[in-house]
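Take a look at the letters that make up each chain.
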Amino acid sequence: MDLGIAGRWALVCAASKGLGKGCAQALAAEGVNVVITARGEETLNATAAELRAAYPTVQVVAIAGDITTPAARAAALAACPQVDILVNNAGGPPPGDFRDWDRDAWIKAVDANMLTPIELIKATVDGMAARGFGRVVNITSGAVKAPIDVLGLSNGARSGLTGFIAGLARQPRLAAANVTVNNLLPGVFDTDRIRTTMQGLAAKSGQSIEAVLEKRRATVPAGRFGTSAEFGAFCAFMCSAQASYLTGQNILLDGGAYPGTF
């Protein structure tokens, strides 16, 4: 399927590896020019070089920096001639017990996983509407749908973003101008983050990392973890011309792990 987005420009956050990289790869494969951001400059530049080699007909711009800061957001936006597609993404805050989190921990979580996406949306959606095309995909978490007790910081901040998007996406000045805003909720994917989390659980429980991973894998009806490539492909479809009637939705991609009907 031709997704109808070749030649457009996308800003993809936290795209040096993992799910963000999968999204950048899928968009570039569709002929989309991409501006990718991440804090780690070396890994980011390596990813940019990989994308340029794989997709020589598209432009790939790498902007290193902490996207939660105004300076990094300004640099990323300035590097993108026009933002037709915005993929908001940020690593989740650490797990723990809410009794141990002070105000600074909460502010940091909300800043990264709620306020930063909102700032980038604010900077881009009116321009999208004026041009008659725009796609915003916020990578949140399956924990928004089924909260995990030790991920309280993430549950709170990402749920706040979810509530905000529910209202924003339905503004006629955006929805009627072919600007869609949706959330993509990953379950368990084979990324560095899940392996780091599982390593912590293995050390705490005295089990091997292989045993912990297998136990976690068994909770997924699909019998496996997701891949960044398939996540990116789904994100690319949400950014397509064909997805123009999809807005204000929370799309759960978790291999069937969520047990509910709704």
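Residues numbered from 1 in each chain as written. Predicted model: local features only at pLDDT ≥ 70, side-chain atom pairs only at ≥ 80, totals over all residues. Heavy atoms only, no water.

1. Description of the packing of aromatic side chains
Convention followed: Put simply, two rings from Phe, Tyr or Trp (the six-membered ring, in Trp's case) pair if the centres are within 6.5 Å, and we call them stacked under 30 degrees between planes, edge-to-face over 60, tilted for the rest. When a residue's accessible area, from a 1.4 Å probe over protein chains only, is under 20% of the maximum for its type it is buried; when over 50% it is exposed; and in between it is partly exposed. A run of DSSP states H or I qualifies as a helix once it reaches four residues; a run of E qualifies as a strand once it reaches two. Both are numbered from the N-terminal end. Geometrically, a charge over a ring is one whose NZ (Lys) or CZ (Arg) sits within 6 Å of the ring centre while staying within 35 degrees of the ring normal.
Under the definition given, this model contains two aromatic pairs. With centroids separated by 5.7 Å and ring planes inclined at 90 degrees, the aromatic side chains of tryptophan 101 and tryptophan 106 adopt a geometry described as edge-to-face. A relative accessible area of 31% places tryptophan 106 in the partly exposed class. Seen from their ring centres, phenylalanine 189 and phenylalanine 231 are 5.2 Å apart, and the 80 degrees between their planes marks the pair as edge-to-face. Highlighted residues: phenylalanine 189 in the loop between β6 (179-186) and α7 (192-205) and phenylalanine 231 in helix α9 (residues 228-238), separated in sequence by 42 residues. Note on accessibility: phenylalanine 189 and phenylalanine 231 belong to one class, buried. In this structure, arginine 8 is placed above the aromatic ring of phenylalanine 133, and the distance from its NZ or CZ to the ring centre is 3.8 Å.

2. Here we look at the sheet that holds strand β7 (residues 250-253)
Our working definition: Paired strands are those between which DSSP finds at least two bridges. For helices, the axis comes from a line fit to the C-alpha atoms of the stretch in contact; other axes are also lines fit to C-alpha atoms, and the angle between any two N-to-C directions lies between 0 and 180 degrees. Contacts between residues were defined by any pair of non-hydrogen atoms, one from each residue, lying within 4.5 Å.
With parallel pairing, seven strands are arranged side by side in an open sheet as β3-β2-β1-β4-β5-β6-β7. Of all strands in the sheet, those bounded by a partner on one side alone are β3 (60-64) and β7. Going from strand to strand, the sheet's axes swing by 15 degrees on average, the running direction of each strand aside. Where strand β2 (residues 33-38) meets β3, five bridges bridge the pair, whose relative direction is parallel. Within β3, the position partnered with isoleucine 36 by the bridge is alanine 62. The strands touched by helix α2 (residues 41-54) within the sheet are β2 and β3, with β3 carrying the most contacts at an inclination of about 175 degrees. Helix-sheet contacts for helix α4 (residues 103-131) involve β1 (9-12), β4 (85-88), β5 (134-139) and β6, and the interaxial angle to β4 is about 170 degrees.

3. As for the state of the cysteines
We apply this condition: Cysteine sulfur pairs qualify as disulfides if the two atoms are within 2.5 Å.
Applying the stated criterion to the full structure yields zero disulfides. Note on cysteine 80: no disulfide assigned, nearest cysteine sulfur contributed by cysteine 13 at a separation of 10 Å.

4. What about the pattern of salt bridges?
Defined as follows: When a carboxyl oxygen of Asp or Glu is within 4 Å of a side-chain nitrogen of Lys or Arg, the pair counts as a salt bridge.
Here the structure, examined in full by the defined rule, presents eight salt bridges. For the salt bridge of aspartate 192 with lysine 17, the shortest nitrogen-to-oxygen distance reads 3.7 Å. In this pair, aspartate 192 is assigned in helix α7 and lysine 17 in the loop between β1 and α1 (18-29), connecting sequence segments 175 residues apart. The exposure class of aspartate 192 is partly exposed, given its relative accessible area of 48%. The class of lysine 17 is partly exposed, set by a relative accessible area of 48%. One salt bridge in this structure joins aspartate 97 and arginine 99, with 2.9 Å as the shortest N-O distance. Via salt bridges that share partners, Arg8, Asp84 and Arg131 belong to a single interconnected network.

5. Some thoughts on unusual backbone geometry
Unlike most non-glycine residues, alanine 14 shows phi in positive territory, near 50 degrees. Topologically, alanine 14 is positioned in the loop between β1 and α1. Backbone geometry at asparagine 178 places phi at a positive 65 degrees, although glycine is not the residue there. In this structure, asparagine 178 sits in the loop between α6 (172-175) and β6.

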